[in-house]
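Understanding the architecture of this molecule
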Amino acid sequence: MQPGNAVAKEAQSHFHFPLCQNPIPSHSPPSIPLLLSLPPFPFSLSSPSSSSSSSSSSQWFSILRAAISKTDLLLGKSVHALIVTSGENPDRFLNNNLITMYSRCGSLSFAHLVTWNSILAGYALSADSEVENVKEGFRLFRLLRGSAVVTSRHTLAPVLKLCLLSGYVWASEAVHGYAVKIGLGWDVFVSGALVNIYSKFGRIREARVLFDCMEERDVVLWNVMLKACVEMGLYKEALCLFSSFHRSELHPDDVSVRCVLNAINNVGSDEGNRLAEQVKAYAIKLVLNHDHSDVFKWNKTLSEYLQAGENWAAVQCFINMIRSKVEYDSVTFVVILSAIAGANDLEMGQQVHGVALKSGFDFIVSVANSLINMYSKAGSLYFARKVFNYMKEMDLISWNSMISSCAQSSLKEEAVNLFIDLLRDGLRPDQFTITSVLRACSSFKEGSYLCKQIHVHAIKTGIIADSFVSTALIDVYSRSGNMKEAEFLFENKGEFDLASWNAMMFGYIMSNDSQKALNLFSLIHESGERADQITLATAAKASGCLVGLEQGMQIHNYVIKTGFDLDLCVSSGILVMYIKCGDMESAHMVFTQIPVPDDVAWTTMISGCVENGDEDRALSIYHQMRLSGVQPDEYTFATLVKASSCLTALEHGRQIQANVIKLGYALDPFVGTSLIDMYAKCGNIGDAYLLFQRMKLSNIALWNAMLIGLAQHGNAKEALNLFKAMESNGIEPDKVTFIGVLSACSHSGLISEAYEYFDSMSKKYGIKPEIEHYSRLVDALGRVGHVQEAEKLIGSMPFEATASMYIALLGACRVQGDTETGKRVTTQLLELEPSDSAAYVLLSNIYAAANQWDDVADARKMMARKKVKKDPGFSWIDVKNKVHLFVVDDRSHPQTDLIYDKVEDLIQRIREEGYVPDTDFTLLDVEE
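Below you will find a few notes about this structure.

Rules behind the numbers
Residues numbered from 1 in each chain as written. Predicted model: local features only at pLDDT ≥ 70, side-chain atom pairs only at ≥ 80, totals over all residues. Heavy atoms only, no water. Helix = DSSP H or I, 4+ residues; strand = E, 2+ residues; numbered from the N terminus. Buried < 20%, exposed > 50% of the residue type's maximum accessible area, 1.4 Å probe, protein only. Contact = heavy atoms within 4.5 Å. Areas by Shrake-Rupley, 256 points an atom, 1.4 Å probe, with all protein chains shown as cover. Phe/Tyr/Trp six-rings, centres within 6.5 Å; stacked < 30°, edge-to-face > 60°. Lys NZ or Arg CZ within 6 Å of the ring centre and 35° of its normal. Expected span 1.5 Å × (residues − 1). Polar contact = N/O pair within 3.5 Å; in protein donor to acceptor, adjacent residues only side chain to side chain. Patch = residues over 30% accessible without salt bridge, like charges linked within 9 Å, V, L, I, M, F, W, Y side chains within 5 Å. Salt bridge = Lys/Arg side-chain N within 4 Å of Asp/Glu carboxyl O. Lys, Arg positive; Asp, Glu negative; His and termini not counted. Charge placed at Lys NZ, Arg CZ, Asp CG, Glu CD. Axes fitted to C-alpha atoms, helices over the stretch in contact; angles between N-to-C directions. Parallel < 35°, antiparallel > 145°, perpendicular 65-115°, else oblique. Left-handed = near helix turned anticlockwise from the far one by under 90°. Core = buried A, V, L, I, M, F, W, Y, C linked by side-chain atoms within 4.5 Å. Disulfide = S-S within 2.5 Å. Arc of directions from axis to C-beta.

What follows concerns the overall build of the protein. Across its full length, the protein holds 51 helices and two strands. Residues classed as buried in the protein amount to 46% of the 928 residues present. Nonlocal contacts in the protein, meaning residues at least 24 apart in sequence, comprise 62% of its contacts between residues at least 6 apart. A total of about 47200 Å² of accessible surface is found on the protein, and carbon and sulfur atoms cover 53% of it.

Okay, the packing of aromatic side chains next. If you walk through the whole model with that rule in mind, you get 25 aromatic pairs. The interplanar angle of 85° and the centroid separation of 5.9 Å between the aromatic rings of F521 and Y558 together place this pair among those described as edge-to-face. Of this pair, F521 sits in helix 30 (residues 514-526) while Y558 is found in helix 32 (residues 549-562), placing the two residues 37 residues apart along the sequence. The pair formed by F521 and Y558 is uniform in burial state, with each residue classed as buried. For K392, the ring lying beneath its charged end belongs to F363, and the centroid distance is 4.8 Å.

Moving on, we come to unusual backbone geometry. Despite not being glycine, N344 shows a phi value in the positive range, around 55°. One non-glycine residue, V547, lies in positive phi territory at about 50°. With respect to the secondary-structure elements, V547 resides in the loop between helix 31 (533-545) and helix 32. A relative accessible area of 52% places V547 in the exposed class.

A few words now on helix 31. For helix 31, which comprises 13 residues, the first-to-last C-alpha distance of 18 Å matches the rise-based estimate of 18 Å (1.5 Å per residue) to within 8%. Among the residues of helix 31, T535, L536, A537, T538, A539, A540, A542, S543 and G544 are the ones counted as buried. Where the residues of helix 31 are buried, they touch helix 29 (498-510), helix 30, helix 32 and helix 33 (568-580). Between a side-chain oxygen at the N-terminus of helix 31 and the backbone nitrogen of I534 the separation is 3.2 Å; the capping residue is D532. In the stretch just after helix 31, V547 is the one whose phi turns positive, near 50°.

Turning our eyes to something else, we now look at a negative patch on the surface. A cluster of acidic residues, D901, E904, D905, E912 and E913, forms a negative patch at the surface. Mapped onto the elements of the fold, D901 is located in helix 51 (residues 896-912).

As a further point, take the packing of helix 23 (residues 396-408) against helix 25 (residues 431-441). Where helix 23 meets helix 25, the closest approach of the two axes is 9 Å, and the angle between their N-to-C directions is 20°. Between helix 23 and helix 25, the angle is such that the two are roughly parallel. Pair helix 23 / helix 25 crosses with left-handed handedness. Contacts between helix 23 and helix 25 involve L396, N400, I403, S404, A407 and Q408 from the former and F432, T433, S436, V437, R439 and A440 from the latter.

Moving on, we come to the nonpolar core. With 234 residues, the main nonpolar core has L156, I336 and I574 as its most contacted residues. Looking at this core, the element that brings in the most residues is helix 19 (residues 330-343), giving nine residues. The contact partners of I574, leaving out residues within four places of it in the chain, are A540, I555, H556, V559 and V590.

Inspection of the secondary structure puts S191 in helix 11 (residues 188-200). Excluding residues that lie within four positions of it along the chain, S191 makes contacts with G185, W186, L210 and M214.

Oppositely charged side chains are able to pair whenever their charged atoms sit close together. A complete count under the given rule lists 19 salt bridges for this structure. For K227, the salt bridge goes to E393, with nearest N and O atoms at 3.8 Å. Of this pair, K227 sits in helix 13 (residues 219-231) while E393 sits in the loop between helix 22 (381-390) and helix 23, and the two are 166 residues apart along the sequence. Residue D687 is joined to R654 by a salt bridge in which the shortest nitrogen-to-oxygen separation is 3.2 Å. With D687 in helix 40 (residues 685-694) and R654 in helix 38 (residues 650-662), the pair connects residues that are 33 residues apart, well separated along the chain. The partly exposed category is assigned to D687, whose relative accessible area is 24%. Note on R654: relative accessible area 31%, which makes it partly exposed.

Moving on: the environment of K764. Tracing the backbone through its elements, the reader meets K764 in helix 44 (residues 751-764). One polar contact links K764 to Y765, side chain to side chain, over a distance of 3.4 Å.

Closest axis-to-axis distance for the helix 33/helix 35 (residues 599-611) pair is 10 Å, and the angle between their directions is 5°. Relative to helix 35, helix 33 is oriented roughly parallel. Taking contact as the criterion, the partners of S572, L575, V576 and I579 in helix 33 are, on helix 35, A601, T604, M605, G608 and E611.

Turning to the state of the cysteines, a few remarks are in order. Tallying each qualifying case throughout the model produces zero disulfides. Considering cysteine sulfurs only, C229 is the nearest to C240, which forms no disulfide, with 9.6 Å between them.

Before going further, it helps to examine helix 42 (residues 716-728). With 13 residues, helix 42 should cover 18 Å at 1.5 Å per step; its first-to-last C-alpha distance of 19 Å lies within 8% of that length. Taken as a whole, helix 42 has its buried residues at A716, A719, L720, L722, F723 and M726. Mapping the buried residues of helix 42 onto a view down its axis gives an arc of 150°, with all of them on the same face. The exposed residues of helix 42 that point more than 90 degrees off its buried face are K717 and S728. Among the structural elements, helix 40, helix 41 (700-712), helix 43 (735-748) and helix 44 are those in contact with the buried residues of helix 42.

Attention now goes to a nonpolar patch on the surface. Taken together, the side chains of F874, W876, V883 and L885 make up a nonpolar region of the molecular surface, amounting to roughly 360 Å² of accessible area. Residue assignment for the nonpolar patch shows that the elements contributing at least two residues are strand 1 (874-879) and strand 2 (882-887). Here F874 shows up in strand 1.

Inspection of the secondary structure puts N699 in the loop between helix 40 and helix 41. The class of N699 is partly exposed, set by a relative accessible area of 24%. Distance in space between the C-alpha atoms of N699 and I731 is 8.0 Å, their sequence separation being 32 residues. In terms of polar contacts, N699 uses its side chain to reach the backbone amide nitrogen of A701, at 2.8 Å.

Here it is as structure tokens:
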């Protein structure tokens, strides 16, 4: 139960009592106004079944009546003391007789104490169902503190219960301080209740200090401490405590044994087995398992299967246990649910859940926690949350399991909200809680802000010293680009922690500072510390980002030397490094040496081939992937479609689309966008549009692909209409959208529309134009002959022009015959790209078009002097899945003679049809 904020504020005000005042009040009765201010009873102080008859038959009643008739205060106090020490909860009738006795004997202060205790007990009893009664109980206790009534252990009992129900640690600490002040700090009842409260709030240190100093401890209290240690993950401390329990005059019971067996399962295989045998032997010796020896044997067998990783054997053992009609216990369910979680069998887990429900074990915290874990690992977070919501009692493990599950399932907001609820319930998060919620923050939009709040909380509670917590904070800060905070935490870590170094290396890569990541890797190596697979994969990634082939090869050699070359994570990292450095032969060698490549490794290799211009090999590797039995995913298909579009291999693209449909990725927006782009680039804009219409049109990338495809095909009107339809559908355009829109205007000569859309980017949509948008506008001006206006636009840009922009303008100068502008543009282009053959060829073509043949020769000589060579143009066709390549004067094709004969035949036929060659762009001073 968690009271609201109003209760919290009210309760806090009640506990601001002055502890320095005299704790022993005078024996004067309370004032009349104080008695009148007592709250009315909102409940009955006795159970419905209690009656005067049951009370009058009490063993204390006759003696108490004798004390009243004789006005014998000493006898009455003796009876009251016996009632208190017996632990019997006096009902209303007995309380009334105690009040009568004290009143008749002239001891009103004790009479009022009985009254106060009764009312406080009533509020504590009803606080489970009425939140307001917690507030009223605290208010009543404050009134009692201000009165002259002496406080006893029975006064503090209901108050401590209210503290536990309120969920506020500070309230319990305040009552504890008050108890110490009035001499009840080491009272067995009070200190025992405080041990229970501190344990439930996760304050193990405070609970243990109290527990160790208590003179009397019963079995229940030992079990409370044992359970608290196990739930907080202090397994070795729990075992030591059990040993002390055994050496005491008391003997552990079955609850103690089960609790310590839960701790043993987390210690370690060899040591754990030895300790488990000792504890079970001890249990048998004390006849703790008198009727349950069978369940101990079955549980032992289940645990052995689980520890050996034989999950299905454990499941079969549990089935045999059910058939043998052996009475199972909570340990049985904890073990079998762990085995099912390892086997990842949701259906079997649900059947075991049904057995737990039927037998009532689902309400035991450890069983419910195991159910949450099983459902989470099976990917059924809905059922995990349902179990969590129905738990009557939750411990920190329950919250941690749920928060971790949400974080791992990318439900980051849910994980953070659960963490807030945990704090509101008064529980103290441990290192596992903090690391789980920080994992959620790392992928959160407001993650950096939340991380700082959690960081402050970790500092206040002292948990920042935990290595897991500090490493998680470093990881979150580095992923969000806050490297200063990450570096501060990293530099203040005491001892070497490889996970922190890995997080820092990854953070530097994310912040585009890969050299620092490699520097850290060098420091790890120099310090003699051993790197793990994550370190090596991250170092390889850093080399790839720097395109540092030499550094990458050194890391590869180190990987082979340390024996990590067969690790899939490391091999994939080395593979990516070679691909980014353009060394595809080494990449292929690494790939072939991976024992069992997964879908990520196959996709990486295919993507690498496409990125390095080897689309044919990409398609070949895909066929090998299918033969190996590895299923492609959406990223594989998107990469393959890109390869087909680069080759303009329409048939290959269609075959890949068939596989996409067959494997259920037809509606994936990532794959759909690639297919639309492929059809557009292969010249089939109609199929691209049909595919576009079938997709869910909520993804901006789909609209952009279709719009750019229409623009590239010169369908300006359709492209601009699509842009309007996009707006009417509530899709907000981005910078890529406007590249398509401006391209459409450029291809169709719509200059005024181009300027209008260009201006609307910043004014209407808040998008700042980038170099690509200026380039499209320059191209549009050049295509309609506004060469000088395009040159002015380049000069007015807020950034330096690119070579491609000057090449487009130079092409426009050639078309318009603007020699002077062409010369200026060529000069600027050569300053940017002195070895670009396009500048020399275009300038030469401009001179040739103006019949300035001497200048043509000079341009060619300058090109030869600077050793600049023009790559020959080529074309290709795809016939029956085979690409045929054609280059000028190339006679390497096996059917060269037939091809040239056919070309001559075609030229002859078009001349007969009246074709006259256009000599405007003749580039040599010779006869046609």
